[in-house]
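# Notes for the structure review
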Amino acid sequence: QVQLVESGGGLVQPGGSLRLSCAASGSIFGRNVMGWYRQAPGKQREWVAQFTRAGTTLYAASVQGRFTISTDNAKNTLYLQMNSLKPEDTAHYYCNFAPIPSASWGQGTQVTVSS
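Scoring rules and cut-offs
- Residues numbered from 1 in each chain as written.
- Predicted model: local features only at pLDDT ≥ 70, side-chain atom pairs only at ≥ 80, totals over all residues.
- Heavy atoms only, no water.
- Helix = DSSP H or I, 4+ residues; strand = E, 2+ residues; numbered from the N terminus.
- Buried < 20%, exposed > 50% of the residue type's maximum accessible area, 1.4 Å probe, protein only.
- Polar contact = N/O pair within 3.5 Å; in protein donor to acceptor, adjacent residues only side chain to side chain.
- Contact = heavy atoms within 4.5 Å.

### Considerations on the environment of Ser-21
In this fold, Ser-21 is placed in strand 3 (residues 18–24). Using a relative accessible area of 17% as the deciding quantity, one classes Ser-21 as buried. In this structure the C-alpha to C-alpha distance between Ser-21 and Trp-47, which are 26 residues apart in sequence, comes to 16 Å.

Below, the structure is given as structure tokens:
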């Protein structure tokens, strides 16, 4: 079973940046479509960004133009570069398969945007 370990979260001021990482236990990124999800307190988990089979990227409207998903297949790592962060981006962030995530989730990484 693939294990996904997210990292890179933290506390950042509005307008700041963070880069999240998702390390996989095996070489899965070249063979599977992966994405990022987030869950804010009191809200359902939502899709944030993903690759497509064609290698293009898709983003939720709320993060379009601010977030960038990328991957380093040699390092079995998925990234999410987050710029111009807003308080509403505060959430626990997870990586998983996309667009249908696996039932197994990693521990995620917390992103808090606050002044």
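Further notes follow.
### Describing the side chain of Thr-109
Its place among the elements puts Thr-109 in strand 10 (residues 109–113). At 2.9 Å, the side chain of Thr-109 and the backbone nitrogen of Gly-9 are in polar contact. Contact partners of Thr-109, with chain neighbours within four places excluded, come to Glu-6, Ser-7, Gly-8, Gly-9, Leu-20, Ala-91, His-92 and Tyr-93.

### So, unusual backbone geometry
For residues that are not glycine, phi is negative in most cases, and the peptide bond is trans in most cases. Of note, the bond from Ala-98 into Pro-99 is cis; its omega dihedral lies within 30 degrees of zero at -5 degrees. Residues other than glycine seldom take positive phi values, yet Asn-76 does so here, at roughly 50 degrees. The phi dihedral of Ser-84 falls on the positive side, at around 50 degrees, and the residue is not glycine. By secondary structure assignment, the location of Ser-84 is in the loop between strand 8 (77–82) and strand 9 (91–97).

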